[in-house]
Protein chains: 2
Amino acid sequence: MTTLSTPGPTLGVVGGGQLGRMLAEAASPLGVDVLVLDPTTDCPAAPPARDQIVAEFDDTDAIRDLAERADYLTFEIELADQDALERIERDTGVPCHPKPATLDLIHDKLVQKRALADAGVPVPDFREVESPGDVADALDDLGAPAMLKARTGGYDGRGNIPVDEDTDHAAALAEVGGEGNAMVESFVDYERELSVIAVQGDDGTAAFPVGENVHREQILRETVVPARTSDDVRDRARDVALDVLDVLDGRGVYGIELFEHADGSISVNEIAPRPHNSGHWTIEGAHSSQFEQHVRAVLGWPLAATGLRGPTAMANLLGDGTDSRDAAIADVDAILEAPGANLHWYGKRETRPLRKMGHVTCVQTADESVGDLLAGARTLRDSIAFD
Amino acid sequence: MTTLSTPGPTLGVVGGGQLGRMLAEAASPLGVDVLVLDPTTDCPAAPPARDQIVAEFDDTDAIRDLAERADYLTFEIELADQDALERIERDTGVPCHPKPATLDLIHDKLVQKRALADAGVPVPDFREVESPGDVADALDDLGAPAMLKARTGGYDGRGNIPVDEDTDHAAALAEVGGEGNAMVESFVDYERELSVIAVQGDDGTAAFPVGENVHREQILRETVVPARTSDDVRDRARDVALDVLDVLDGRGVYGIELFEHADGSISVNEIAPRPHNSGHWTIEGAHSSQFEQHVRAVLGWPLAATGLRGPTAMANLLGDGTDSRDAAIADVDAILEAPGANLHWYGKRETRPLRKMGHVTCVQTADESVGDLLAGARTLRDSIAFD
C-alpha cells in the first residue's frame, strides 16, 4: 500500500543538472521533495528542488549528509561515486536505486557489452584490446574499418576513434586512454538510431513507445516518436530494451540506445542508468513522463501508464557562438507562440558551444505527421539566437 | 521580442498555497524562478519555489523585500494587501499583475456586480441592503427566496444566507457582517455551473475550453471538460468570460464561474483574479496549463495554445476525519495505478475536514466519455483513506 504523508518523502539526487531539474519538476506534483547534491552553486536543479548541497560528486561526507536528509537516494549522472554510494546505503539504510553496482556496467563499456552478450542481448561484435597488435588482430576478426573505443570516460562521442589497417594503432590507443582502457567494436552500419526509455519497478517493468534519434557531431539533436519504422522493428526494439533490464540491478528509469540494422534486426548501443535526453519528449507526449516514472520506481511506487498521447518531436536547444557566463540570451518568441510547442529552459548560468541549454517539444494539435512535427521543432530550434 | 537570460527572471508571488506550488511547478520549465511570500513556514509552494519569505500577507516590509528580489509580482490569494502592492509597485517599479486595484472588485461583491452590470455582462439581479427594511424591499423586488450575501469576506460559500419573508432579517444581516457589508441577490435557478479560465495577455486574450463544475456543501468537488452542454451554451459562456476581462485591470489568468440557466442563457457568479481550482484540469487536459499561462501573462510573454488535448475530469482530494498535524496519510495505490490518472499532492503539513489536500486528473487513454472519466475520477477519489 502506497501512502503519502504530510510532509511527503524526500528523494536525494546526486547531480543537479537539467535531469535533476526535470526530476524535481516531476516529483513536486507527487508530493515528493527533492534534495540535490552538485558542485556548481545554483545548479540547474536548485530552483525547483527544495535544497541543494554544494559538494563534489565524490565527497563522501556530503553524500552521507544527503542520505541522512533523504528517504531514498538516486543519481542523475554516471559520475556518481559507486563505492561511496554503496557504503552509505549500507551504513544509513537509505536505499539507493539504481543499485550503485550498476554503475560498474555503465562506466566500463567492455564490462557492459560482455554482460549484455552473456545475457543473449544483441550487441555489435567487440574485442578487448591491450596493445597495437591486439587492434590489428581485432580488425582482422571484425573487419575494417572498426571503432576503437575508450572503455571508460567517453561521453557524447568523445573517446570513439574509427580505425583501419592504415591508422597509427599505438597513437589511437593512447588517445582513448591507452592499455587497459580500450576495446574495438565492429563498425555498425545502421539504418536508424532508436531509443527506448525502460523502467524497472518494484513489481514489474514498463517501456515507453520507441523513439527515433537524430545525432549530429555525435550529439543528440532530435527525437521523434513513434520512430518512423515498421511495427515489427518497434516491437523488437522494445523487447530488446526490456531484456536489457535483466542485466541491470535496481529500480529506476534506463535510457537504452539501439541501432536498427538494414535487415530490421536490433543491437544495443549504449545504456544510461537514469532518465535520458531521448526521453524528454515523454513530458508532454506520453501519459506519464520518464521523470515521474523514475521517481515512482525509485520510491517503489506503482509505475504509471506509458502510452503515447500523440506523435511528438523534441529538439535540443544547444549553445552556439562562444562561451558566455552572463550574456546568453535567446529570442524565444517563435517557440512561445507556436501551438503545441513546449519550451524547457534549464536555467544554466553559462552558455558553451553545443551545451544543452534547453529543449522544445512539439505535440500534435491538429493532424500533423511525425515528419511535420520534426520539421516544426527544427524550425523553432533554428529561430532562437544566442548573444 | 521575448528573451530568456541565464539566470532567468524571478516572479514574486504573494501567497504560497497549492496555487503558488503549481505556479512554481509551471514556471520552472520556462526557466522562471519563483519566490513566494507566505506566513506559514514550509508552505505548500516552498519546495518547488526557489525560496520563501515567511511573512504575513500585509507585512509591507516583507512585500517590499519580495519586490526587490523579483522582476515581476503577482498574488495567488485574494487576501493580498491591495494598498501595499500598489505603493510598492509605484516605489520599486516592479510591475504587479493583475493590477492591485482589481482586488477592489474582487473583495467587494457589490462593487464587482455593479461593474459587471455597467459593462453589460449578465449577472443575477441584486440590491445593496443596509437595514432589515432594505432586505424586505429587495425580496419584494427580486422575489423570495433570495440570497443575502456578505459583500466582503465570503469564501467557499461562507457568508451566503438564503432569506425569505419569514427570515429574521436583522439576525441574518448581522450574520453576514451587518450594515455596509450586505447585498441581496435574486435566487439563481441554474441548470449547470460552468467555469472559464480566461487570460489577459499583453497583446490579446485567450480562454480555455469551458468546464462544468460540481459543488457539494458549496465546495468544488469535480470539474469536467468539455462541459456537458450545447455548443451554443459553451460559446456563450466563453464570450461572457472574455467580456469579463474588459472589466478587470491587469494581465493574468482569471477564473470565472458562471451559471447556465434553463433557457441556455449565462450569468456570472464569481471571479477569481488568479488561477482557479476549476482550471487544474488544464495541467494535463490542455495544450498549456492555467499556471503556465499565468506566468506568461504576468511576464508579458506571448500566451500559449489553450486547446483541449482530450476530455478530462478533475476531482479534489479533500481532507476528512478530524484535524491532524502530522498523521495525515492517504492510500494512493488506486490513483497511482489507474491509466490516465494524474496525482497532485500539495504537501500540506496539516489535514482538516474538507481542506484541499490534492487533486486527481483523469485524461482519456482510450475512448472514455467525459461521464466515464468523471465516474473514474470519483472512484479514485473515494478510494483514498486519511488516517
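Residues numbered from 1 in each chain as written. Chains lettered and ligands numbered in written order. Predicted model: local features only at pLDDT ≥ 70, side-chain atom pairs only at ≥ 80, totals over all residues. Heavy atoms only, no water.

Caption draft 1: The UniProt feature "binding site: ATP" (unreviewed entry) in chain A, seen in detail. All names here are of chain A. If you check UniProt for "binding site: ATP" (unreviewed entry), the listed places come out as K109, K149, E185, S186, F187, V188, E193, H215, N269 and E270 in our numbering. Relative to the elements of secondary structure, E193 occurs in strand β10 (residues 190–201). Aside from chain neighbours lying at most four places away, what touches E193 is G211, E212, N213, H215, L258 and F259. Relative to the helices and strands, N269 resides in strand β15 (residues 266–272). For N269, a relative accessible area of 13% gives the class buried. Excluding residues that lie within four positions of it along the chain, N269 makes contacts with Q112, K113, K149, E257, L258 and F259. (UniProt positions renumbered as here; feature names shortened; annotations may be inferred. Helix = DSSP H or I, 4+ residues; strand = E, 2+ residues; numbered from the N terminus. Contact = heavy atoms within 4.5 Å. Buried < 20%, exposed > 50% of the residue type's maximum accessible area, 1.4 Å probe, protein only.)

Caption draft 2: Just the side chain of T282 of chain A, in detail. Residue and element names in this part refer to chain A. With respect to the helices and strands, the residue T282 is situated in helix α9 (residues 282–285). Accessibility expressed as a relative area gives 0% for T282, which makes it buried. Within the structure, the side chain of T282 is placed 2.9 Å from the backbone nitrogen of Q290, a separation counted as a polar contact. Apart from residues lying up to four places away in sequence, T282 is in contact with F208, S288, S289 and Q290. (Polar contact = N/O pair within 3.5 Å; in protein donor to acceptor, adjacent residues only side chain to side chain.)

Caption draft 3: Quick peek at the packing of helix α2 (residues 60–68) of chain B against helix α3 (residues 82–92) of chain B. Residue and element names in this part refer to chain B. Put simply, α2 and α3 touch, their axes get as near as 10 Å, and they point 40° apart. Here α2 lies oblique to α3, going by the angle between them. Crossing angle aside, the handedness with which α2 passes α3 is right-handed. Contact with α2, carried on its side by T60, I63, R64 and A67, involves A84, L85, R87, I88, D91 and T92 of α3 and no other residues of that element. Its residues placed into classes, the contact of α2 with α3 shows 5 nonpolar, 2 polar and 3 charged. (Axes fitted to C-alpha atoms, helices over the stretch in contact; angles between N-to-C directions. Parallel < 35°, antiparallel > 145°, perpendicular 65-115°, else oblique. Left-handed = near helix turned anticlockwise from the far one by under 90°. Nonpolar A, V, L, I, M, F, W, Y, C, P; charged D, E, K, R; others polar.)

Caption draft 4: Expanded view of the relation of the copies chain A and chain B. Overlaying chain A with chain B gives an RMSD of 0.0 Å, the required rotation being 180° about an axis along which the chain moves by 0.0 Å. Taken together, the rotation angle and the small translation identify this as a two-fold axis. Using C-alpha coordinates, one finds that chain A approaches the rotation axis most closely at P48 of chain A, a distance of 2.1 Å. By residue overlap, the copies meet face to face through one surface: 100% of the interface positions of chain A are interface positions in chain B. (Least-squares fit on C-alpha atoms with pLDDT ≥ 70 in both.)

Caption draft 5: Layout of a negative patch on the surface. Together, D232, D235, D239, D243 and D246 of chain A give the surface a local cluster of negative charge. Tracing the backbone shows D246 of chain A in the loop between α8 (231–245) and β14 (252–261). (Patch = residues over 30% accessible without salt bridge, like charges linked within 9 Å, V, L, I, M, F, W, Y side chains within 5 Å. Areas by Shrake-Rupley, 256 points an atom, 1.4 Å probe, with all protein chains shown as cover. Salt bridge = Lys/Arg side-chain N within 4 Å of Asp/Glu carboxyl O. Lys, Arg positive; Asp, Glu negative; His and termini not counted. Charge placed at Lys NZ, Arg CZ, Asp CG, Glu CD.)

Caption draft 6: Structural context of the pattern of salt bridges. Residues and elements named next belong to chain B. For the structure on display, the rule yields 48 salt bridges over all chains. A salt bridge links K109 to E270; its shortest N-O distance comes to 3.6 Å. Note that K109 is positioned in helix α5 (residues 109–118) and E270 in strand β15 (residues 266–272), a separation of 161 residues in sequence. For E270, a relative accessible area of 29% gives the class partly exposed.

Caption draft 7: The interface of chain A and chain B, seen in detail. Taken together, the 51 residues of chain A in the interface contact 51 residues of chain B. Surface buried jointly by chain A and chain B totals about 4500 Å² across both partners, of which 50% is contributed by carbon and sulfur atoms. Taken as a group, L4, T6 and L336 of chain A account for 16% of the area that chain A buries against chain B, more than any other trio of residues on that side. Joining chain A to chain B, the criterion identifies 2 salt bridges. The closest approach of N and O atoms between D42 of chain A and R50 of chain B, which form a salt bridge, is 3.0 Å. At the surface where chain A touches chain B, the tally comes to 16 residue pairs in polar contact (both at pLDDT 80 or more). Of all elements in the fold, only β1 (3–4), α1 (18–27), β17 (330–331), α11 (333–337), β18 (341–345) and β19 (356–363) of chain A reach the threshold of two or more residues within the side of chain A that touches chain B. Grouping the constituent residues of the side of chain A that touches chain B by class yields 24 nonpolar, 12 polar and 15 charged. Bridge count between β17 of chain A and strand β1 (residues 3–4) of chain B: 2 bridges; the pairing is antiparallel. Paired with D331 of chain A across the strands is T3 of chain B, a residue of β1 of chain B. (Buried area = accessible area lost by both parts, 1.4 Å probe. Pairing = 2+ DSSP bridges.)

Caption draft 8: Representation of empty space enclosed by the protein in the model. In the structure shown here, the tally under the stated rule is 6 cavities of 30 Å³ or more. Empty space within the largest cavity amounts to approximately 840 Å³. Surrounding the largest cavity, 37 residues form its lining, I283 and E284 of chain A together with P29, I283 and E284 of chain B being those nearest its centre. When contributions to the lining of the largest cavity are tallied by element, the ones reaching two or more residues are α1, α9, α10 (290–299) and β18 of chain A together with α1 (18–27), α9 (282–285), α10 (290–299) and β18 (341–345) of chain B. (1 Å grid on protein atoms, 1.4 Å probe; cavity = no way out; pocket = protein on both sides within 12 Å on 5 of 7 lines; lining within 4 Å. Points joined across faces, edges and corners; volume = space filled by probe spheres on them.)

Caption draft 9: The arrangement of the sheet that holds strand β5 (residues 72–75) of chain B in detail. All names here are of chain B. Ordered in space as β4-β3-β2-β5, the 4 strands form an open sheet in which the pairing is parallel. Since the sheet does not close on itself, it has two edges, and those belong to β4 (51–54) and β5, each with one partner. Strand after strand, the sheet turns through a mean of 25° between neighbouring axes, direction not considered. Pairing between strand β2 (residues 10–14) and strand β3 (residues 33–38): 5 bridges, direction parallel. Counted as the bridge partner of G12 is L35 from β3.

Caption draft 10: Structural context of α8 of chain A. Residue and element names in this part refer to chain A. Helix length check: α8, at 15 residues, gives a terminal C-alpha distance of 22 Å against a target of 21 Å (1.5 Å per residue), a fit within 8%. Every buried residue belonging to α8 is among V233, A237, V240, A241, L242, V244 and L245, and all of these are buried. Contacts made by the buried residues of α8 are with α5 (109–118), β10, β11 (204–207), β14 and β15. (Expected span 1.5 Å × (residues − 1).)

Caption draft 11: Molecular detail of the environment of V14 of chain A. Residue and element names in this part refer to chain A. By secondary structure assignment, the location of V14 is in strand β2 (residues 10–14). V14 sits 357 residues away from G371 along the chain, and the two C-alpha atoms are 37 Å apart. Excluding residues that lie within four positions of it along the chain, V14 makes contacts with L37, F57, L66, T74, F75, E76, I77, A80 and L85.

Caption draft 12: Looking closely at the state of the cysteines. Residue and element names in this part refer to chain B. Applying the stated criterion across every chain, the model contains 0 disulfides over all chains. Cysteine C96 remains unbridged, with the sulfur of C43 as its closest cysteine sulfur at 18 Å. Given a relative accessible area of 0%, C96 falls into the buried group. (Disulfide = S-S within 2.5 Å.)

Caption draft 13: Examining the environment of R114 of chain B more closely. Residue and element names in this part refer to chain B. Mapped onto the elements of the fold, R114 is located in helix α5. Taking C-alpha positions, R114 is 9.8 Å from R127, a pair spaced 13 residues apart along the chain. Reaching out from R114, the side chain makes a polar contact with the side chain of E128 at a distance of 2.7 Å.

Caption draft 14: Examining α5 of chain A more closely. Residue and element names in this part refer to chain A. Three or more residues of α5 are buried, namely K109, L110, Q112, K113 and L116. Buried residues of α5 fall within an arc of 160° about the axis and therefore sit on the same side. If you check the start of α5, you find a side-chain oxygen 2.9 Å away from the backbone N of L110, and it comes from D108. (Arc of directions from axis to C-beta.)

Caption draft 15: Quick look at the packing of α1 of chain B against α10 of chain B. Residue and element names in this part refer to chain B. Two elements in contact, α1 and α10, have axes whose closest approach is 8 Å; the angle formed by their N-to-C orientations is 75°. Accordingly, the angle class assigned to the pair α1 and α10 is roughly perpendicular. Residues L19, M22, L23, A26 and A27 of α1 form the contact with α10, whose own contacting residues are F291, E292, H294 and V295.

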